[in-house]
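Understanding the architecture of this molecule
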Amino acid sequence: MPVSNGDIARIFERYAMLLEIDDANPFRVRAYQNAARVIQGLPKSVADLLGEGEDLTQLEGIGKDLAGKIEEIVRTSRLGKLEALEKRVPAALAELMALPGLGAKRVKLLHEKLEVCSLEDLERAARTGRIREIPGFGPKTEHKVLNAIARRRGREAQLQWVEAEQVAKPLLRELRTVTGVNTVVVAGSFRRSRDTVGDLDILATAGDSTRVMQTFVNYEDVAEIVSSGSTRATVRLRNGLQVDLRVVPEASYGAALQYFTGSKAHNIALRARAAKRGLKLSEYGLFKGRARVAGRSEQEIYRKLKLAYIEPELREDRGEIAAAEQRTLPKLVKVDDLRGDLHCHTNASDGRETMPAMVRGAQELGYEYLAISDHTQRLRIANGLDAKRLRLQLAKIDRLNETLGRFRLLKSAEVDILEDGSLDLPDEILRDLDVVVCAVHYKFELPRKRQTERIIRAMDNRYFNILAHPSGRLLGERDAYPIDMERLMAAAVERGCFLEVNAQPKRLDLTDADCRMAKDMGLKLAISTDSHSAAQLANMRLGVAQARRGWLEAGDVLNAQTWPALAKLLKRS
DNA sequence: GCCGTTTTCGGCCCGACTGTTTTCAGTCG
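Nothing here was measured: the structure is a model prediction, and the numbers come from that model.

Remarks on the overall build of chain A
Regarding its fold elements, chain A presents 24 helices and 17 strands. Computed over its C-alpha atoms, the radius of gyration of chain A comes to 26 Å, within 12% of the 25 Å expected for a compact globule of 573 residues. The principal-axis extents of the C-alpha atoms in chain A amount to approximately 80 × 60 × 50 Å. Relative to its 573 residues, chain A shows a buried fraction of 54%. Intrachain contacts of chain A at a sequence separation of at least 6 include 68% that bridge at least 24 residues. On chain A, roughly 26,000 Å² of surface is accessible, and the fraction owed to carbon and sulfur atoms is 48%.

In structure tokens, the structure reads:
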């Protein structure tokens, strides 16, 4: 089993935590954390990079030493230094550091004074009242530790972005009613449009923060007030979601929004850039000495740092700052750029609505075209269409198209990719479709190589156009099946096929990093909703957000093209 | 451990809140 980027990142994160407990140089610790983040965000597998003889020190934050350690991990699946360190610092202490309120210093103290080595030890120590006896600890800390352990056992998952939005909306509405409050927005990973959100960071501006703070901590859905000061408070809602509120004066709004939008890595890089220019950047503004030179808007801050404005979706320290400096940032695709949807279902298979209802939905969104791509025969549970039923559907589409004026209904199907890589319908009918969407719906557990080759074989069919939900992941439910995404994309480029960014909230598949790799490889992508009702067509915004995180521009997106242009792209020679 | 149009050595983001303390260290974002 090849070592994945996630494996390497986890080893480095773990090493960083144990180093911190071991009192190592904090910047050395950060170097490992950085490396973990960089590797995690890489679209290509590091193991493959090495196989191709790439020089890993070209990667941001990876020097000679770390490159050597990565090679060691890829070669042996282990890191000798980590194992050596674990002889001195019990490995389980890293678990404890992940508990909120416990950092390296306290974990170390707990270990030294109470011989705590595991979550169980910690719980026992807390229950028997021994934690409060350590200098610097007290009854409150002891209580917090017990709470944190209980929550860890419950382990609330990250929310899908849409779920977070549903929580945020009513809360924002309430905060906006407070007198004296001007602006209330959500910042953080939510504003960066990450596929999942671990907490909500809300930013408000007000002359006087007292009222809005009070409203916040008294919000009906609050289960626990974690902390509350005059400008900042943290609560936990009943569903387990943590929400932070910061209140700043109007003159700091831009700086605060920039700061609370993150990411942390982006901010660190930005602040270092400010410092290099003799400036200081904080959530209150950009300062030269004591004078504030920017702060009212984000645009102003980036401008004063000699950078083009960086869209929130790009702020991950994945090269956006250099691109902003060189004025080479992408002009990110927008929902308005899209002219149609290339993947949806009707009640002929497992959709909930009729074809005309789906058409009306697409027309209301201002689209020029919509592909009807119902499931095919193998997917019995979804009432998949065989060639005969599909023929009838195609005739129906012809008749409907005559009534639709300039709007065009595209003939399509979501064709199952069978285990041997053949397609679930004969060429004689695929030939008559405008766009052939193909997908894997079973045999997810094939080894990486076989799964990859299964799909590439399917692409060999000259009627194959778009691979739907290419990794098969379901957020919080099912991991992506093992697949060599780079090889898949290279095969698609060679054959003139395309991949899909599936916009369903729990799919968002391809990932942001995959989108970035596709762009780098010159592979265009479709952003499709895979709608099973007309209302779901509006999920397009989620897919667009994901694509924006992957640096995609309108020119990189199939369904941002007019139908004649798209038709040309879909024609394989 | 990384990195370099101020540097190959000496830097490495910045501030709020808590709990414990009596002026601050630790943690978090």
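Still more to cover.
Focus on helix 10 (residues 161-176)
Turn by turn, an α-helix covers 3.6 residues, leaving residues three or four places apart pointing in a common direction. With 16 residues, helix 10 extends 22 Å from end C-alpha to end C-alpha; this agrees with the ideal 22 Å at 1.5 Å per step. For helix 10, the set of buried residues is Trp-161, Val-162, Ala-164, Glu-165, Val-167, Ala-168, Leu-171, Leu-172 and Leu-175.

Looking at the domain arrangement of chain A
We note that the domain assignment places domain 1 (5-155), domain 2 (159-247), domain 3 (261-326) and domain 4 (335-570) within chain A. Averaged C-alpha coordinates put domain 1 and domain 2 at centres separated by 30 Å.

Observations concerning the pairing of strand 10 (residues 291-294)
Sheet analysis places strand 9 (residues 285-288) next to strand 10, joined by three bridges and oriented antiparallel. By the bridge assignment for strand 10, Phe-287 is matched with Arg-292. Hairpin connection between strand 9 and strand 10: a loop of two residues separates the two successive antiparallel strands, and Gly-289 in this loop has a positive phi of roughly 60 degrees.

Quick notes on the protein's contact with DNA strand B
Taken together, the neighbourhood of DNA strand B is formed by 49 residues, with Gly-101, Gly-138, Ser-228, Tyr-259 and Arg-271 sitting nearest. At the protein interface, 73% of the atoms of DNA strand B within 4 Å belong to sugar or phosphate. Class assignment for the residues of the surface near DNA strand B results in 16 nonpolar, 15 polar and 18 charged.

A look at the sheet that holds strand 9
One open sheet accounts for three strands, arranged 8-9-10; its pairing is antiparallel. Each edge of the open sheet carries a strand with a single partner, namely strand 8 (280-282) and strand 10. When the angles between neighbouring strand axes are averaged without regard to direction, this sheet yields 40 degrees.

Some remarks on the pattern of salt bridges
Counted by the stated rule, this structure contains 41 salt bridges. The partner of Asp-317 in a salt bridge is Arg-37, with the nearest N and O atoms 3.2 Å apart. A residue pair is termed long-range when its members are at least 10 positions apart, and Asp-317 in the loop between helix 15 (298-304) and helix 16 (320-325) and Arg-37 in helix 2 (residues 26-40) qualify at 280 residues. Salt bridges here are not isolated pairs; linked through shared partners, they connect Arg-192, Glu-316, Arg-318, Asp-512 and Arg-549.

Some remarks on the state of the cysteines
The tally for this structure, following the rule as stated, stands at zero disulfides. Between Cys-438, a cysteine without a disulfide, and Cys-497, which holds the nearest cysteine sulfur, the sulfur-to-sulfur distance is 8.3 Å.

Observations concerning the sheet that holds strand 4 (residues 199-206)
The strand order across the open sheet built from five strands is 2-4-7-6-5, with neighbouring strands paired in mixed fashion. The two strands at the open ends of the sheet, each matched to only one other strand, are strand 2 (181-186) and strand 5 (222-228). Pairs of neighbouring strands in the sheet enclose a mean axial angle of 20 degrees, with direction left out of account. Bridge count between strand 5 and strand 6 (residues 232-237): five bridges; the pairing is antiparallel. Directly across from Ser-228, in strand 6, lies its bridge partner Ala-233.

Points about a positive patch on the surface
A grouping of Lys-276, Arg-277, Arg-303, Lys-304 and Lys-306 is seen on the molecular surface, where their side chains present a positively charged patch. Along the chain, Arg-277 falls in the loop between helix 14 (264-276) and strand 8. According to the relative accessible area criterion, Arg-277 is partly exposed, its value standing at 34%.

Thresholds, definitions, all that
Residues numbered from 1 in each chain as written. Chains lettered and ligands numbered in written order. Predicted model: local features only at pLDDT ≥ 70, side-chain atom pairs only at ≥ 80, totals over all residues. Heavy atoms only, no water. Helix = DSSP H or I, 4+ residues; strand = E, 2+ residues; numbered from the N terminus. Rg over C-alpha atoms; globule rule 2.2 N^0.38 Å. Buried < 20%, exposed > 50% of the residue type's maximum accessible area, 1.4 Å probe, protein only. Contact = heavy atoms within 4.5 Å. Areas by Shrake-Rupley, 256 points an atom, 1.4 Å probe, with all protein chains shown as cover. Expected span 1.5 Å × (residues − 1). Domains from an automatic or database assignment. Pairing = 2+ DSSP bridges. Near = heavy atom within 4 Å. Nonpolar A, V, L, I, M, F, W, Y, C, P; charged D, E, K, R; others polar. Axes fitted to C-alpha atoms, helices over the stretch in contact; angles between N-to-C directions. Salt bridge = Lys/Arg side-chain N within 4 Å of Asp/Glu carboxyl O. Disulfide = S-S within 2.5 Å. Patch = residues over 30% accessible without salt bridge, like charges linked within 9 Å, V, L, I, M, F, W, Y side chains within 5 Å. Lys, Arg positive; Asp, Glu negative; His and termini not counted. Charge placed at Lys NZ, Arg CZ, Asp CG, Glu CD.

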